[in-house]
Amino acid sequence: MSTPDKQNRRNQDIRVPRVRVIGSDGEMIGLLSRDEALGQAQEEGLDLVEIQPNADPPVCRIMDYGKFRFDLQKKANLAKKKQKQVEIKEVKFRPVTDSGDYAIKMRKMRGFLEDGDKVKVNIRFRGREMSHQELGRGMLQRIEADLGEDIVIESRPRMEGRQMVMMIAPKKK
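Everything numeric here is computed off the predicted structure, so don't read it as measured data.

## Considering the sheet that holds strand 7 (residues 151-160)
Next up, step 1: On the basis of which strands lie adjacent, the open sheet formed by four strands has the order 5-6-8-7 and mixed pairing. The two strands at the open ends of the sheet, each matched to only one other strand, are strand 5 (88-93) and strand 7. Between one strand axis and the next, the sheet turns by 20° as a mean value, whatever way the strands run.
Next up, step 2: Looking at chain direction, strand 7 and strand 8 (residues 163-170) are connected through seven bridges and run antiparallel. Across the sheet, the residue bridging to Ser155 is Met167, located in strand 8.

## Topic: the pairing of strand 8
Next up, step 1: Burial analysis of strand 8 places seven of its eight residues in the buried class, which makes it a mostly covered element.
Next up, step 2: Sheet topology note: the strand 6 (residues 118-124)/strand 8 ladder contains six bridges and is antiparallel. Bridging across to strand 8, Val119 finds its partner in Ile168.
Next up, step 3: If you look at the hairpin formed by strand 7 and strand 8, you'll find two residues sitting between the two strands, and Gly161 has a positive phi there, around 70°.

## What to know about the confidence of the model for the protein chain
Next up, step 1: Within the protein chain, residue pLDDT values average 86, and 95% of them lie at 70 or more.
Next up, step 2: The weakest mean pLDDT in the protein chain belongs to helix 1 (residues 4-7) at 54; the strongest belongs to strand 6 at 94.
Next up, step 3: Low pLDDT, under 50, characterises residues 1-5; the stretch is placed with seven contacts to residues that sit more than four places away or in other chains.

## Examining the nonpolar core
Next up, step 1: Ranked by internal contacts, the top residues of the largest apolar core, which has 19 residues, are Phe93, Met109, Val121, Ile143, Leu147 and Ile168.
Next up, step 2: Broken down by secondary-structure element, the contributors of at least two residues to this core are strand 5, helix 4 (99-114), strand 6, helix 5 (133-147), strand 7 and strand 8.
Next up, step 3: Ignoring any residue separated from it by four or fewer positions in sequence, one finds Ile168 in contact with Met109, Leu113, Lys118, Val119, Val121, Ile143, Leu147, Ile151, Val152 and Ile153.
Next up, step 4: The next biggest cluster of nonpolar side chains, apart from the first, holds ten residues, and it includes Leu32, Ala37, Leu38 and Cys60.

## Brief notes about the environment of Asp13
Next up, step 1: For Asp13, the location among the structural elements is in the loop between helix 1 and strand 1 (18-22).
Next up, step 2: When its relative accessible area of 43% is taken as the criterion, Asp13 is described as partly exposed.
Next up, step 3: Sequence separation between Asp13 and Glu87 is 74 residues; the distance between their C-alpha atoms is 45 Å.

## Concerning the pattern of salt bridges
Pairing is possible between side chains of opposite charge, provided their charged atoms come close.
Next up, step 1: The tally for this structure, following the rule as stated, stands at six salt bridges.
Next up, step 2: The partner of Glu154 in a salt bridge is Lys118, with the nearest N and O atoms 3.3 Å apart. Here the residue Glu154 occupies a position in strand 7, and Lys118 occupies one in strand 6, the gap between them amounting to 36 residues.
Next up, step 3: Judged by its relative accessible area of 41%, Glu154 falls in the partly exposed class.
Next up, step 4: Residues Glu160 and Arg158 are paired through a salt bridge, measuring 2.8 Å at the closest nitrogen-oxygen approach.

Criteria and cut-off values
Residues numbered from 1 in each chain as written. Predicted model: local features only at pLDDT ≥ 70, side-chain atom pairs only at ≥ 80, totals over all residues. Heavy atoms only, no water. Pairing = 2+ DSSP bridges. Helix = DSSP H or I, 4+ residues; strand = E, 2+ residues; numbered from the N terminus. Axes fitted to C-alpha atoms, helices over the stretch in contact; angles between N-to-C directions. Buried < 20%, exposed > 50% of the residue type's maximum accessible area, 1.4 Å probe, protein only. pLDDT = per-residue confidence, 0-100. Contact = heavy atoms within 4.5 Å. Core = buried A, V, L, I, M, F, W, Y, C linked by side-chain atoms within 4.5 Å. Salt bridge = Lys/Arg side-chain N within 4 Å of Asp/Glu carboxyl O.

Shown next as structure tokens:
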């Protein structure tokens, strides 16, 4: 979003001879010369702000420009606060991960997915385990089955060096 200064000209910065004016109460005043509109705004102790510069003639409004900018900033901050930044959480397994550790890691993964985060499941092979990659694929299939219908597999299991990686995202509701 561009800053209000670049978007809205006000008072003496308005360079067109005639403008359509909206009063401070929101009522349409009508077509006035720029000087008449400026005089009316100064009479009320407010600013003449160009709202629609591309209209013919441009539309201006009589308002408190400082309050207008403050409200715009407040709306922008509120929108920013409501955004959810999706994080990628990584959970590491080994082909020989025992059932107790597996259960704890699954509970953590469910929590991450419920919070709306993506999960990168990483199975690391050491030494001779590299010759038994089917154990890793079996574990990833078991993870997929245990998480059920609540997930979307973003990338299927693939080897990256000595690691097998799979990306999981929560299903959109």
